[in-house]
Amino acid sequence: MSKYVLDHLDYLEAESIHILREVFSVFSKPALLFSGGKDSLVIVFLSKKAFAPAPIPYPLLHIDTGHNFPETLSFRDQLIRDLKLDLKIRYVQDSIDQGRVQEEKGKFASRNSLQTVTLLDAIEELGLDACIGGARRDEEKARAKERIFSVRDEFGQWDPKMQKPELWDLYNGNIHQGANVRVFPLSNWTELDIWNYIQREDIPIPSLYFTHSRQTIIRQNQVFPYSSFITLQRDENPEERLVRFRTVGDMSCTAAMEAKAYTVSEIIDDIIESRTTERGARLDDKRSETSMEDRKRGGYF
């Protein structure tokens, strides 16, 4: 009789499922922050496994910048219908209309940082004490400082010096009144792990991740999708290119890459050969050396 041997992905899956079950047992009002991207999709399917045959016991929360890729929104809506999920959407445009944030101007204007206020308002409105997200430690140096249970104070701010120790697989969910926790069940996964898991579990993903033809411009030596959300400069001329995306974010700050990858297997090969990180395609991360950490201290996810 053969004995089943756990592989690397099995261990990662088991750890993530343990974390998700821990969240549900410890917190009273958790939610899954959902972007429609590969990482949050993996968490959705891990959540299905964690609580089957019962439905996923927490809602999905999407902070819509208004500058999302149309393909992502269509995919999101279809997924919600197919899996019968509880989706809550809050809009950055509402925060702008209410005077809570001010629209950026200029060549590199983006709504990516504006969504922090919308998120914090949604956490307060919905009374959330835990927000589950798809951040991974391999993404960026500020992400590497995160605990799996990352405590935020009553103002939504993150202080790396005030985080609780996590020994073995023990997670401390005790928080002060008004505080909340950002939970990262994929902390120990890598980008390559994510794609290998997507392939193994046959998880559907938005078409943006595969090579497709798109109107683009060259900006800061990177290929950016052309849309009505960006201000063209005199020397910028939209051209049709074959591109794909490694991350799915705000259209105004997410670069594409010229590559031919029409299947998940080809995406995996592409990542193995790549010498740049996926966050290297995010213009908002390049505003300063501490751009991500500054945003996180202000309440960014």
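Just so it is clear, the model here is predicted, and its values are computed rather than measured.

**Q** Where do I start with the sheet that holds strand E3 (residues 87–91) in this structure?
**A** Sheet strands pair via backbone hydrogen bonds, and the direction of the pair is either parallel or antiparallel. Here we have six strands laid out as an open sheet, ordered E3-E2-E1-E4-E6-E5, and mixed in their pairing. Across the chains shown, the open sheet's two edge strands, defined by having one partner strand only, are E3 and strand E5 (149–152). Shown here is a sheet whose adjacent strand axes are inclined to one another by a mean of 30 degrees, direction ignored. Pairing between strand E4 (residues 130–132) and strand E6 (residues 180–183): three bridges, direction parallel. In the strand pairing of E6, isoleucine 132 is matched with valine 183. Strands strand E1 (30–33), strand E2 (60–64) and E4 of the sheet are contacted by helix H2 (residues 38–51), whose axis makes an angle of about 140 degrees with E1. Lying on the sheet, helix H5 (residues 115–126) is in contact with E1, E2, E3, E4 and E6; it crosses E2 at an angle near 145 degrees.

**Q** Can you walk me through the sheet that holds strand E7 (residues 212–219) in this structure?
**A** One open sheet holds the three strands; their spatial order is E8-E7-E9, and the pairing between them is antiparallel. The open sheet has two free edges, formed respectively by strand E8 (222–225) and strand E9 (239–243), since each of these has just one partner strand. Mean inter-strand twist for the sheet, computed between neighbouring axes without regard to direction, equals 65 degrees. Pairing geometry for E7 and E8, over four bridges, is antiparallel. When the sheet's bridge partners are listed, threonine 216 is paired in E8 with proline 225.

**Q** It is not clear to me how the packing of helix H1 (residues 8–26) against helix H6 (residues 191–201) should be interpreted in this structure. Could you clarify?
**A** To describe two helices that pack against each other, one gives the angle between their axes and the distance between the axes. Running from N to C, H1 and H6 cross one another at 95 degrees; their axes reach a closest spacing of 11 Å. In terms of orientation, H1 and H6 fall into the roughly perpendicular class. Here His8, Leu9, Asp10, Leu12 and Glu13 of H1 come into contact with H6, specifically with Asp193, Asn196, Tyr197, Arg200 and Glu201. Its residues assigned to classes, the contact of H1 with H6 comprises three nonpolar, two polar and five charged.

**Q** Would you mind going over the pattern of salt bridges with me for this structure?
**A** Where side chains of opposite charge bring their charged atoms close, a pairing between them can arise. Inspection of every chain in the model, using the stated rule, returns 20 salt bridges. Here lysine 38 ties to aspartate 39 by a salt bridge, and the two come within 3.4 Å at their closest N and O atoms. Residue aspartate 39 is classed as buried on the basis of its relative accessible area of 12%. A salt bridge links arginine 244 to aspartate 270, with the shortest nitrogen-to-oxygen separation between them at 3.1 Å. Highlighted residues: arginine 244 in the loop between E9 and helix H7 (264–273) and aspartate 270 in helix H7, separated in sequence by 26 residues.

**Q** Honestly, H5 in this entry has me stumped. Any pointers?
**A** The α-helix advances 3.6 residues per turn, and as a result positions three or four apart in sequence lie on the same side. An ideal rise of 1.5 Å per residue puts 16 Å on twelve residues; H5 measures up with 16 Å between its terminal C-alpha atoms. Among all positions in H5, only Gln115, Thr116, Thr118, Leu119, Ala122, Ile123 and Leu126 are buried. All buried residues of H5 project into a common sector of 165 degrees when viewed along the axis, lining one side. Across from the buried face of H5, at angles greater than 90 degrees, the exposed residues are Glu124 and Glu125.

**Q** Which parts of the structure should I look at to understand the layout of surface pockets?
**A** Any space left empty among the atoms is revealed by the rolling of a water-sized probe across them. Quantified by volume, the largest pocket comes out at close to 290 Å³. The wall of the largest pocket is formed by 17 residues, among which Ile123, Leu128, Gly178, Ala179 and Asn180 lie closest to the centre. Ranked by the residues each element gives to the lining of the largest pocket, the list is headed by H5, at four residues. Taken together, the residues of the lining of the largest pocket break down into six nonpolar, six polar and five charged. Tallied by class, residues from the lining of the second largest pocket come to five nonpolar, four polar and five charged.

**Q** Explain the nonpolar core to me, please; I cannot follow it from the model alone.
**A** As a rule of thumb, nonpolar side chains are buried together in soluble globular proteins. In this structure, Val42, Phe149 and Trp195 are the most contacted members of the largest nonpolar core, which totals 55 residues. Contributing elements (two or more residues each) for this core: H1, H2, helix H3 (70–83), E4, E5, E6, H6 and H7. It is H2 that contributes the most residues to this core, eight residues altogether. Ignoring any residue separated from it by four or fewer positions in sequence, one finds phenylalanine 149 in contact with Ile19, Glu22, Val23, Phe27, Gln163, Glu166, Tyr171, Asn172, Gly173, Val181, Arg182 and Val183. Formed by 14 residues, the second largest nonpolar core is a distinct cluster that contains Leu33, Val92, Ile96 and Ala122.

**Q** Got a minute to help me understand the environment of isoleucine 218 in this structure?
**A** By secondary structure assignment, the location of isoleucine 218 is in strand E7. We classify isoleucine 218 as partly exposed; its relative accessible area is 43%. Considering only alpha carbons, one finds isoleucine 218 and alanine 255, 37 residues apart in sequence, at a separation of 9.4 Å.

**Q** In this structure, what is going on with the side chain of glutamate 236? I would like to understand it.
**A** Within the secondary structure, glutamate 236 sits in the loop between E8 and E9. Only 2.7 Å separates the side chain of glutamate 236 from the side chain of arginine 219, close enough to count as a polar contact. Only 2.9 Å separates the side chain of glutamate 236 from the backbone nitrogen of glutamine 233, close enough to count as a polar contact. In this view, glutamate 236 contacts Lys107, Ile217, Ile218, Arg219 and Thr231; residues no more than four positions away in its chain are not counted.

Reading the values: the criteria
- Residues numbered from 1 in each chain as written.
- Predicted model: local features only at pLDDT ≥ 70, side-chain atom pairs only at ≥ 80, totals over all residues.
- Heavy atoms only, no water.
- Pairing = 2+ DSSP bridges.
- Helix = DSSP H or I, 4+ residues; strand = E, 2+ residues; numbered from the N terminus.
- Axes fitted to C-alpha atoms, helices over the stretch in contact; angles between N-to-C directions.
- Contact = heavy atoms within 4.5 Å.
- Parallel < 35°, antiparallel > 145°, perpendicular 65-115°, else oblique.
- Nonpolar A, V, L, I, M, F, W, Y, C, P; charged D, E, K, R; others polar.
- Salt bridge = Lys/Arg side-chain N within 4 Å of Asp/Glu carboxyl O.
- Buried < 20%, exposed > 50% of the residue type's maximum accessible area, 1.4 Å probe, protein only.
- Expected span 1.5 Å × (residues − 1).
- Arc of directions from axis to C-beta.
- 1 Å grid on protein atoms, 1.4 Å probe; cavity = no way out; pocket = protein on both sides within 12 Å on 5 of 7 lines; lining within 4 Å.
- Points joined across faces, edges and corners; volume = space filled by probe spheres on them.
- Core = buried A, V, L, I, M, F, W, Y, C linked by side-chain atoms within 4.5 Å.
- Polar contact = N/O pair within 3.5 Å; in protein donor to acceptor, adjacent residues only side chain to side chain.

By themselves, these observations are geometric and do not establish any function.
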